[in-house]
Amino acid sequence: SQQGEEDPQALSIQEGENATMNCSYKTSINNLQWYRQNSGRGLVHLILIRSNEREKHSGRLRVTLDTSKKSSSLLITASRAADTASYFCATDDGETSGSRLTFGEGTQLTVNP
Amino acid sequence: NAGVMQNPRHLVRRRGQEARLRCSPMKGHSHVYWYRQLPEEGLKFMVYLQKENIIDESGMPKERFSAEFPKEGPSILRIQQVVRGDSAAYFCASSPPSLAGDEQFFGPGTRLTVL
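If you're wondering where the values come from, they're calculated on a predicted model, not measured in any experiment. (Residues numbered from 1 in each chain as written. Chains lettered and ligands numbered in written order. Predicted model: local features only at pLDDT ≥ 70, side-chain atom pairs only at ≥ 80, totals over all residues. Heavy atoms only, no water.)

Visitor: Please explain the pairing of strand β3 (residues 19–24) of chain B as it appears in this structure.
Guide: The two faces of a sheet get side chains in turn, since along a regular strand they alternate between them. Residues and elements named next belong to chain B. Here β3 shows a clear split, with A19, L21 and C23 buried on one side and none of R20, R22 and S24 buried on the other. Summarising the sheet, β3 and strand β8 (residues 75–79) pair through 5 bridges and their orientation is antiparallel. Following the sheet pairing, A19 is matched in β8 by I79. (Buried < 20%, exposed > 50% of the residue type's maximum accessible area, 1.4 Å probe, protein only. Helix = DSSP H or I, 4+ residues; strand = E, 2+ residues; numbered from the N terminus. Pairing = 2+ DSSP bridges.)

Pasting the structure below:
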């Protein structure tokens, strides 16, 4: 398995419900980021949480980070049909300045109207 | 400030031809990254460049693939003698000089189809 694994692989919910996606990683990190990708499109940056932070909010998004468990979660509250997309977590390698990101395989979220 | 620009958005090549993918980073960004995404998968790192220098090419296949980021002009990812397995979406990202692993800004991608 690889750095940055999300679960579940796919999630289907009704509009208005909350969606929770989880990400696990293996090595030390400086920060962890979440991105969204609509089908056939590029990636949109959602939120970055640093290794010394435990929780961060941005609008309807809430991200937590547990470095002891090497895991993170992304919560989308009051979901909308427009939230339908793939969500990826990405980690840096914790050592190199301006380093590459390692992405997980993503969670495909479907929000049904 | 325009975002990261990539062209072409779609590229079709026959086996054995060359593919050239271009990426113009955001203004003020001197770090460029190339990633490849196969269908239904996450992005896989290929190469990290700064102006005129390759910093990390550990994700690049050893043969047929090359990348450059000249002093003037866009970054180029070149794939020689393409094969069907090269069909994928290729994304470029850029970032300003910064601390390790800060946000990277992604372009819309180039979707390469090899016939």
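Visitor: What is the right way to read the interface of chain A and chain B from this model?
Guide: Many analyses report the size of an interface as the accessible area lost when the parts associate. Opposite the 24 residues of chain A that make contact, chain B presents 24 residues. Summing both sides of the interface, chain A and chain B together bury roughly 1800 Å²; the carbon and sulfur share of this comes to 48%. Counting the contacts that link chain A with chain B gives 1 salt bridge. The salt bridge partner of E105(A) is K44(B), with a shortest N-O separation of 3.0 Å. Counting across the chain A and chain B interface gives 9 residue pairs in polar contact (both at pLDDT 80 or more). Of all the elements in the fold, those that place two or more residues in the side of chain A that touches chain B are β4 (31–37) and β5 (43–50) of chain A. Here the residues of the side of chain A that touches chain B sort into 6 nonpolar, 13 polar and 5 charged. (Contact = heavy atoms within 4.5 Å. Buried area = accessible area lost by both parts, 1.4 Å probe. Salt bridge = Lys/Arg side-chain N within 4 Å of Asp/Glu carboxyl O. Polar contact = N/O pair within 3.5 Å; in protein donor to acceptor, adjacent residues only side chain to side chain. Nonpolar A, V, L, I, M, F, W, Y, C, P; charged D, E, K, R; others polar.)

Visitor: How do you make sense of the state of the cysteines when you look at a structure like this?
Guide: What is meant by a disulfide is a covalent connection between two cysteines, made through their sulfur atoms. All names here are of chain A. Summed over all chains, the structure comprises 2 disulfides over all chains. Here C23 engages in a disulfide with C89; their sulfurs sit 2.0 Å apart. Taking the sign of the S-S torsion, about 65° here, the bridge from C23 to C89 comes out right-handed. Of this pair, C23 sits in strand β3 (residues 19–24) while C89 sits in strand β9 (residues 85–91), and the two are 66 residues apart along the sequence. Across the pair, C89 and C23 agree in class, each one buried. (Disulfide = S-S within 2.5 Å.)

Visitor: Honestly, the sheet that holds β3(B) in this entry has me stumped. Any pointers?
Guide: Hydrogen bonding along the main chain pairs the strands of a sheet, whether they run parallel or antiparallel. All names here are of chain B. Taken in spatial order, the 4 strands line up as β1-β3-β8-β7 in an open sheet, and their pairing is antiparallel. Strands with a single pairing partner mark the edges of an open sheet, and in this sheet they are β1 (5–7) and β7 (65–68). Averaged over all adjacent pairs, the angle separating strand axes in this sheet is 15°, with direction ignored. Bridge count between β1 and β3: 3 bridges; the pairing is antiparallel. The residue of β3 that forms the bridge with Q6 is C23. (Axes fitted to C-alpha atoms, helices over the stretch in contact; angles between N-to-C directions.)

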